[in-house]
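Each chain is listed here by its residues.
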Amino acid sequence: MNINFNKSQDGLVPVIIQDDRTLQVLMLGYMNEEAFEKTQQEQVVTFFSRSKNRLWTKGEESGNFLTVKSIATDCDQDTILIKALPKNVVCHTGSFSCFGGKDAKGFLYELEGKIGQRIDEKTESSYTYALFQRGINKMAQKVGEEAVELVIEAKDNNDDLFKNEAADLLYHFLILLKAKNLQLTDIENVLLQRMK
């Protein structure tokens, strides 16, 4: 990966940090070549802090590290995009993102991760794991039941009930996907191919 650190006089390039699951933009920082190399080696985001005038690993004081999932550059090779998993809130103000609170858009991927975690860790107190334990037939049946309830609510004029049934359907669909060893992105790829 070639990055043009010489384009600016101070040798810094902007770095956009994006949540790997939800694609929400979390923050903007700057890296010099040394910060970039450290980030690649440790797979934890390290910036060059202009105010501290030194390398600064995000989370070194708060523990709210950003674990790197992928790194890309723009077409001019003078801006970096890092998709990362935040350990907790990102902004020093306590907000989830430096651009505001947690956005609901893309939350399905975070939920998918939580569902997978509860199943993989065999969380006994979890409804999700209990349903998973009952087998594929019960999971599929639950998706069917939720779909019927959504159709019934669609015929009425109560948007709150309709939204809740839609949420129930999506939740149970994600459990069924996990049971089938599939992910939401697999379904998105099918839809993307249909667009072509």
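Bear in mind that the values here come from a model prediction, so they are computed numbers and not experimental data. (Residues numbered from 1 in each chain as written. Predicted model: local features only at pLDDT ≥ 70, side-chain atom pairs only at ≥ 80, totals over all residues. Heavy atoms only, no water.)

A. Quick peek at the sheet that holds strand β2 (residues 25-31). One open sheet accounts for four strands, arranged β2-β1-β6-β5; its pairing is mixed. What marks the edges here is a single partner per strand, and that holds for β2 and β5 (66-73). Here the strands of the sheet are splayed against their neighbours by 25° on average, with no regard to which way each runs. With six bridges connecting them, strand β1 (residues 13-19) and β2 associate as antiparallel partners. Each bridged residue has a counterpart across the sheet, and for Ile16 the counterpart in β2 is Leu28. Strand contacts of helix α1 (residues 33-42): β2, β5 and β6 (80-86), with the helix running at about 125° to β2, the strand carrying the most contacts. (Pairing = 2+ DSSP bridges. Helix = DSSP H or I, 4+ residues; strand = E, 2+ residues; numbered from the N terminus. Axes fitted to C-alpha atoms, helices over the stretch in contact; angles between N-to-C directions. Contact = heavy atoms within 4.5 Å.)

B. Highlighting the packing of helix α2 (residues 107-120) against helix α6 (residues 184-195). For the pair α2 and α6, the least separation of the axes is 10 Å and the interaxial angle reads 140°. Overall, the two elements α2 and α6 adopt an arrangement that is oblique. Judged by residue contacts, Leu108, Tyr109 and Glu112 of α2 engage Leu184, Thr185 and Glu188 from α6. Taken together, the residues of the contact of α2 with α6 sort by class into three nonpolar, one polar and two charged. (Parallel < 35°, antiparallel > 145°, perpendicular 65-115°, else oblique. Nonpolar A, V, L, I, M, F, W, Y, C, P; charged D, E, K, R; others polar.)

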